[in-house]
Each structure stands twice: as structure tokens, then as C-alpha cells.
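Observations on chain architecture
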Amino acid sequence: MNTIKSNPIGFFDSGIGGTSIWQEVNKLLPKENTIYLADSKNAPYGQKSKEKILEYCIKNTEFLLNKNAKIIVVACNTATTNAINYLRENYDIPFIGIEPAIKKAGLVTKNKKIGVLATKGTINSKLFEKTSNKIDHSIKIIEQIGYGLVELIENGEIHSSKMEKHIYSCLDPMLKENIDALVLGCTHYAFLIPQIKKIVGNHIQIIDSGLAVAKQTKRILTSGDQINSTINKKTFHNFYINRESKTLVEILKKHNPIKVIERDF
Ligand code: DGL
């Protein structure tokens, strides 16, 4: 790595889901400047072809590089599982990806039944298949596509009764299989944890990858000597979205010190 340490960490996602990852990174690395791109106009990625997802990821990467990102967090499981290899091979900065935390679930399950709630694009990806094959074969993985969840979140319906019904119908097949660990394989789903907990109670451990991504980002920046060491300067957090989104504004309001929301992408 050979960039300016005060350059921002870049993040992108198909929309607002990756802000759940941004929050974890910001908590762990509060002195880092950040820049976040929500490609909400093209959400959901999960239903798109691999080629289309790759095209969006390239466009998002170029945008963040133009804004001098020193590292890019691909804050989207669908984008990671379909495009991270290409991005790493074709760009000269580090990329941090996020994948469903199956390995961790494999370690916590007691009855050897884990559920994975993710998008179609993630579940059908080669990388997901590869990761699933790596865990203990006596563990049963029950995969479930989170139909409609991303759309409802993007449309500001996180707390609606329609959402509750959708969540229930996604969880039901896994509950019938008696899972005791549930992997949230999409960054958007982190915003549904309270509703999911209401349905699954305390018997099922909910696992997401936010903290692991934050730790990995810190590790890579540290090993490349790229931690921002500029002192006495206020950090900046710039958010870009290419579609009107009341949900994003609402989420970011709760998490100061966010100052700028631009919509010019
Ligand atoms: N946040 C994305 C993920 O983690 C959502 C995918 C989508 O847009 O369908 O997979």
C-alpha cells in the first residue's frame, strides 16, 4: 500500500445494508475518515446475474477510487461472493469482503443444524459453495433466500407488519428443521435483528459478520502502515446514494457525527 494515511476507507453496498458494517468499522477505527456509497438505484443485487453484479461493483469501485479511498470494504455479501476475486485481481488497493459466517456458526451449533439467510446471488455463488464445503460435513446447513427483505428495507418498511410476515415466512422452514444457529448472510438483515429475535427467542444464536469485518479492516490497515495518524483534525464521513432514501437519512441521523449526505452519483 502506498497511499496517504488520512485518505478515507471506502465502503459500498447495493444500498443501506452496508451501513451496519460501516458502524462496526467506525466504532473500532473512530479516527478513520470514511466514504460510503449506497447503490440503492440498482438494489437488490441478490436477484441479478453475476455479470450485472460485477458491472455494478466495478462502477462502485471506480467511484470510491476517484474519491481517494485507500482501502475498500465491500459491505455486501452478494457483491463479495460474486466479485471480490475480480476486484482484487484488477485494482491495486486492498479489498475487505464479507461472507456469511458459516464457519463461526459451525463452531457454536450444538445440535449441528445451522440456518443461513441470504440473497439468491450469495447462496448460488461459487464462493458460498466453497465456504460451505469447508465446514464439518456432519453439520446440516439449511439455506434460505430472504425473498423481498432487501426491497422492504430499502423502501423504509423495516418495522411494517408486511416485513414481519416476510421475516416469518423466511424463518419458518429453518425453524421447522430445528436450527440452533442462524447466520445473517446479507448486511441489510442486521437491521432486522430485533424482529428476528422476537420470532426465534433465545434458543437460536444469531450470527453476523460485522465485527469480524471491522477487525480484518484494522488488521490490513495496520499491516500496511495505513492507520490514520493525523491528529487534531475532525474526521469526515461522507455518504453518497443514487436514489432518494428516507431510510438512509433516518439510520444515519441516529449515528452522528455524519454530516453530509450527497445524492449526486
Ligand atoms: N447488502 C447486500 C448483501 O449483503 C444486499 C444484497 C441485495 O441487494 O440483494 O448481500
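Residues numbered from 1 in each chain as written. Predicted model: local features only at pLDDT ≥ 70, side-chain atom pairs only at ≥ 80, totals over all residues. Heavy atoms only, no water.

A few words on the packing of aromatic side chains. According to the stated counting rule, one finds six aromatic pairs in the structure shown. Ring centres 5.6 Å apart and planes at 35° place the aromatic pair tyrosine 36 and phenylalanine 239 in the tilted group. With tyrosine 36 in strand E2 (residues 34-38) and phenylalanine 239 in strand E9 (residues 237-241), this pair connects stretches of sequence that are 203 residues apart. In this structure phenylalanine 239 comes out as buried when scored by relative accessible area, which is 1%. In textbook terms, an aromatic cluster arises when at least three aromatic residues are bridged by ring pairs, as seen for Phe11, Trp22, Tyr36 and Phe239. (Phe/Tyr/Trp six-rings, centres within 6.5 Å; stacked < 30°, edge-to-face > 60°. Helix = DSSP H or I, 4+ residues; strand = E, 2+ residues; numbered from the N terminus. Buried < 20%, exposed > 50% of the residue type's maximum accessible area, 1.4 Å probe, protein only.)

Let's shift gears to the confidence of the model for the protein. Confidence in the prediction for the protein averages 91 pLDDT; 95% of positions are at 70 or higher. Low pLDDT, under 50, characterises residues 256-260; the predicted model gives this stretch eleven contacts beyond four residues in sequence or across chains. (pLDDT = per-residue confidence, 0-100. Contact = heavy atoms within 4.5 Å.)

Once that is clear, we can look at the environment of valine 73. Mapping valine 73 onto the fold places it in strand E3 (residues 71-74). Ignoring sequence-local partners within four residues, the contact set of valine 73 consists of Ile9, Gly10, Phe11, Phe12, Ile21, Ile96, Val213 and Thr217.

The next subject is the site of the ligand. Of all residues adjacent to the ligand, which total 13 residues, the nearest are Ser14, Tyr45, Gly46, Thr78 and Thr187. Within the side chain of threonine 187, one N or O atom sits 2.7 Å away from a nitrogen atom of the ligand. In isolation the ligand exposes 300 Å². Once the protein is present, 99% of that is buried. Across the shell around the ligand, the residue classes break down as five nonpolar, seven polar and one charged. (Near = heavy atom within 4 Å. Polar contact = N/O pair within 3.5 Å; in protein donor to acceptor, adjacent residues only side chain to side chain. Areas by Shrake-Rupley, 256 points an atom, 1.4 Å probe, with all protein chains shown as cover. Nonpolar A, V, L, I, M, F, W, Y, C, P; charged D, E, K, R; others polar.)

Between its first and last C-alpha, helix H10 (residues 210-223) extends 20 Å over 14 residues, near the 20 Å set by a 1.5 Å rise per residue. Against strand E1 (9-13), helix H1 (19-28), E3 and strand E4 (95-96) lie the buried residues of H10. Aspartate 225 sits one or two residues past H10 and shows a positive phi near 55°. (Expected span 1.5 Å × (residues − 1).)

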